[in-house]
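# Architecture and fold: a report
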Amino acid sequence: MKIITLHCDYIKFKPLKKAIKNPEELKNDKEQEIDNPLVVLIAVEQGDNDKSIKEMVEAVEKTAKDVKAKNIVLYPYAHLSSNLAPPDTALGYLTEAQYALEGKKFNVVRAPFGYYKEFELKVKGHPLSELSKEFKGDVEIIKGMPKEIKGEVVHDSSQLLKEMSRSKLDTSKLKDNDHRILGQKMDLFSFNESSPGSVFWHPKGMVIFNELINFSREIQSEAGYTEVSTPQLFDNKLWKISGHWDHYKSNLFVTAYEGKESALKPMNCPGHMLLFRTKTRSYKDLPLRFSEYGSLHRMELSGTLNGLFRVIRMHQDDTHIFCSFEQLESEIEGIFKLIKKIYKDTFNLDYRIELSTRPDKFMGKKEDWDKAEIMLEKVMKKLKIVYKINKGDGAFYGPKIDIHIKDSLDRSWQCGTIQLDMQLPTRFQLEYTGEDNKAHTPLVLHRAIFGSLERFIGILLEHLNGNLPLWLSPVQIKMINFTDRNIKSAEKVLNDIKKELPFVRIESDFRGTTINDKIRDAEMQRIPYIIVIGDKEEEKGTLAVRARGQKPVFGVSFDKFIGEFREKIEARG
Ligand SMILES: [Zn+2]
């Protein structure tokens, strides 16, 4: 709210004509003259609230007393602001100010709202005769902020909605195989300004996300992992114990619950430490492998966010293994087996390994570090793994093995990581009873293979130019009719396929457009199989099958297609 107060000898004003569509009702259309007034020119702005009104009234009262004015003229004056409140709101506040000042025993005249007026005034020449002020209440003035009218909050929904648009993609600077372009073409995901760096997974994108998790669950379950789920929000005590409060606070989303400072988890580790503590553990329980796919939030500067590659809300195939020193070797061997299975056997991604050793600033005993580093090297040599040493690049709590994958564009990505932690178990005072009946502290291995699922999906999309393997494809088969005559028959084939393959993701395109249009659309969505049913297929009871990137094959028998499809899915091909 902006005002100018003018201490005048007199003011004369007269409404001339409507300035807005629905001005207030005129009680007096004659010229009015008030002697010795304090004239208050006012513009009520967006974001004004009861507090700004109160501050304004108090300031006017003070000035009026200082200049000994008994008469106050409230004069709506839109020219003071380019951020005016809607007329109803403004009139409400002006009336409120009028009542408040009348309550303080001033004679208040309010010039009519919503009219062009002519006015004449003569300002006295003393130092306090001309003052201007701005009142913001407690609220920073932002378009679309809630407006409080007599205790009621009114939100300008359409304005707010306009401000929360879907993030637009400037495709002019991006390559065709950029995952953000593929994501749009294939209808996989989007972002919205209302939640920066947080993915909206569309139904088709969610298929990829879930299939990756299903795959991870399957192989981890075989490898003896158990899945858990821990909370999103933790009291800051937890983060103080884990060290995040001191070392990582600038990346934490901090909030409060019942007056206690809390933070959204950026990692699962501390939650898993608490989970370990829920029971008395013995050496027989080890190794204990907790896996969790929950959401993590890490505060990143909005300028550094980059599609799926760098996000604020992420999910990992995160695992913490609690084990004894003796079990370390076989645990790491097990992790390397999973790494090979995922990267090489499933996605044919080459990878290289780096071992990062004790940094200058480290926690714990030097002997433990030496022992751990020797152990990690021994395991890798035994597994004939070629690795490079990054001297002094380990985490402050332990040495780590990083796995870098190479994509088809020759880019290197650090996705997987194995970190040996000798500190967190101590900080959380984790214990298990050993065979010797004494208390021991377990070691903790932090490990992720996909790393961030969001980023891994982004890498896969670019690496494969959207041509995801059959098992990961959101739509696996597109059923197309050659002409309208063939719709019935194509529908029948579609239903027969569904009967044979209950989990198949199949769509049909029976639009009246040309066959070439329909094939082009399906190809743009990178669909692995396009089946066309025309007169010939109808007659012979066969399929015309176009596998992605290949020439169409005619006369394929239904059973042969089903058999091949099934085989491919089972092999995660
Ligand atoms: Zn961890």
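Residues numbered from 1 in each chain as written. Predicted model: local features only at pLDDT ≥ 70, side-chain atom pairs only at ≥ 80, totals over all residues.

## Regarding the overall build of the protein chain
For the record, the criterion: A run of H or I in DSSP counts as a helix once it spans at least four residues, and a run of E counts as a strand once it spans at least two, with each numbered from the N terminus. Exposure classes come from backbone-placed C-beta atoms, where a residue is buried if 20 or more other C-beta atoms lie within 10 Å of its own, exposed if 12 or fewer do, and partly exposed in between. Two residues qualify as being in contact provided that their C-beta atoms, derived from the backbone, are within 7 Å of each other.
Check the secondary structure of the protein chain and you find 16 helices and 31 strands. Oriented by its inertia axes, the alpha-carbon framework of the protein chain measures out at about 100 × 80 × 40 Å. Counting every position in the protein chain, which comprises 573 residues, the buried fraction comes to 33%. Within the protein chain, residue pairs in contact and separated by at least 24 positions form 74% of the contacts whose partners lie at least 6 positions apart.

## Looking at the sheet that holds strand 16 (residues 281-282)
Two strands in a sheet stick together by hydrogen bonds in their backbones, pointing the same way (parallel) or opposite ways (antiparallel). Here is the rule we go by: Strand pairing requires that DSSP identify at least two bridges connecting the strands.
On the basis of which strands lie adjacent, the open sheet formed by three strands has the order 16-24-25 and mixed pairing. Single-partner strands in this sheet number two, and they are strand 16 and strand 25 (439-440). As defined by bridge partners, strand 16 adjoins strand 24 (residues 432-433) across two bridges and the pair is classed as parallel. Each residue of the ladder has a partner; that of S282, found in strand 24, is T433.

## Section: the sheet that holds strand 13 (residues 233-235)
Counted only if it meets this: Inter-axis angles, ranging from 0 to 180 degrees, are taken between N-to-C directions of lines fitted to C-alpha atoms, where helices are fitted over the stretch in contact.
As summarised here, the arrangement of the three strands in space is 13-15-14, forming an open sheet in which the pairing is antiparallel. This sheet does not close on itself; its edge strands, each paired only once, are strand 13 and strand 14 (254-257). On average, each strand axis in the sheet is inclined to that of its neighbour by 40°, with strand direction left out of account.

## A few points about unusual backbone geometry
Of note, the amide linkage connecting L286 to P287 takes the cis form, showing an omega dihedral of -5°. Considering the arrangement of structural elements, one finds P287 in the loop between strand 16 and strand 17 (288-292). Its identity is not glycine, yet N348 carries a phi of approximately 50°, on the positive side. Even without being a glycine, K384 presents a positive backbone phi close to 55°. With respect to the helices and strands, the residue K384 is situated in the loop between helix 10 (366-382) and strand 21 (387-390).

## Focus on the packing of helix 1 (residues 50-66) against helix 2 (residues 87-102)
Formally: Throughout this description, any angle smaller than 35 degrees is read as roughly parallel, any larger than 145 degrees as roughly antiparallel, any in the 65 to 115 degree range as roughly perpendicular, and the remainder as oblique. Handedness of a crossing is defined here by the sense of rotation of the near helix relative to the far one, left-handed for an anticlockwise turn of less than a right angle and right-handed for a clockwise turn. Ten residues, namely Ala, Val, Leu, Ile, Met, Phe, Trp, Tyr, Cys and Pro, are considered nonpolar, four, namely Asp, Glu, Lys and Arg, are considered charged, and the remaining ones, Gly among them, are considered polar.
As a packed pair, helix 1 and helix 2 sit with axes 10 Å apart at the nearest point and diverge in direction by 45°. Accordingly, the angle class assigned to the pair helix 1 and helix 2 is oblique. Seen from above, helix 1 lies across helix 2 with right-handed handedness. In this structure, helix 1 uses I53, M56, V57, V60 and E61 to contact helix 2, whose residues at the interface are Y93, E96, A97, A100 and L101. Classifying every residue of the contact of helix 1 with helix 2 by side-chain character gives eight nonpolar, no polar and two charged.

## Side note on the pairing of strand 29 (residues 529-533)
The buried fraction of strand 29 is high, at five of five residues. Both faces of strand 29 are covered, namely the face carrying Y529, I531 and I533 and the face carrying I530 and V532. Bridge analysis of strand 27 (residues 477-481) against strand 29 gives five bridges, and the strand direction is parallel. Among the inter-strand pairings, I477 is bridged to a residue of strand 29, identified as Y529. In this structure, strand 29 lies alongside strand 30 (residues 543-547), joined through four bridges in antiparallel fashion. Across the sheet, residue Y529 finds its bridge partner in strand 30, namely A547.

## Points about helix 9 (residues 328-346)
The criterion, for reference: By definition here, a helix of n residues has an expected span of 1.5 Å times n minus one. Note on bend: the value at a residue is the angle between axes fitted to the seven residues ending there and to the seven starting there.
With 19 residues, helix 9 extends 26 Å from end C-alpha to end C-alpha; this agrees with the ideal 27 Å at 1.5 Å per step. Where helix 9 bends most, at K340, the angle is about 25°. Burial in helix 9 covers these residues: L328, E331, I332, I335, L338, I339, I342 and Y343. A positive backbone phi angle near 50° is found at N348, which sits one or two residues after helix 9.

## A word on the packing of helix 9 against helix 10
Between two packed helices, the angle of one axis relative to the other and the distance separating the axes together describe the packing. Two numbers describe how helix 9 lies on helix 10: the axes approach to 10 Å, and their chain directions differ by 50°. The angle between the axes of helix 9 and helix 10 places the two elements in the oblique class. Crossing hand, helix 9 versus helix 10: right-handed. Facing L328, E329, I332 and E333 of helix 9, the residues of helix 10 in contact are M375, L376 and V379. Counted by class, the contact of helix 9 with helix 10 contains five nonpolar, no polar and two charged residues.

## A short note on the domain arrangement of the protein chain
Selection rule: What marks off one domain from the next here is an automatic or database domain assignment.
Its domain assignment divides the protein chain into domain 1 (2-160), domain 2 (171-230 + 265-346 + 408-463) and domain 3 (470-570). When each unit is reduced to the centre of its C-alpha atoms, the spacing between domain 1 and domain 3 is 71 Å.

## Regarding the confidence of the model for the protein chain
Keep this limit in mind: pLDDT: the predictor's confidence for each residue, scored from 0 to 100.
Of all residues in the protein chain, 97% attain a pLDDT of 70 or more, and the chain-wide mean is 91. Note that pLDDT drops below 50 for residues 139-144; the model gives that stretch 15 contacts with residues more than four away or on any other chain.

## Some details on the environment of P23
With respect to the element layout, P23 can be found in the loop between strand 1 (2-18) and strand 2 (32-35). Spatially, the C-alpha atom of P23 lies 68 Å from that of R546, the residues being 523 residues apart in sequence. The contacts of P23, once residues within four sequence positions are left out, are K18, F113, G114 and Y115.

## Observations regarding the environment of G307
Position of G307 relative to the elements: it lies in the loop between strand 18 (295-297) and strand 19 (313-323). Residue G307 is classed as buried on the basis of its 23 C-beta neighbours within 10 Å. G307 sits 127 residues away from G434 along the chain, and the two C-alpha atoms are 48 Å apart. Not counting residues up to four positions away in its chain, the partners in contact with G307 are H179, R180 and G458.

## Notes on the environment of Y93
Relative to the helices and strands, Y93 is located in helix 2. Separated by 40 residues in the primary sequence, Y93 and I53 place their C-alpha atoms 7.0 Å from one another. Apart from the residues within four sequence positions on either side, Y93 is in contact with V44, D48 and I53.

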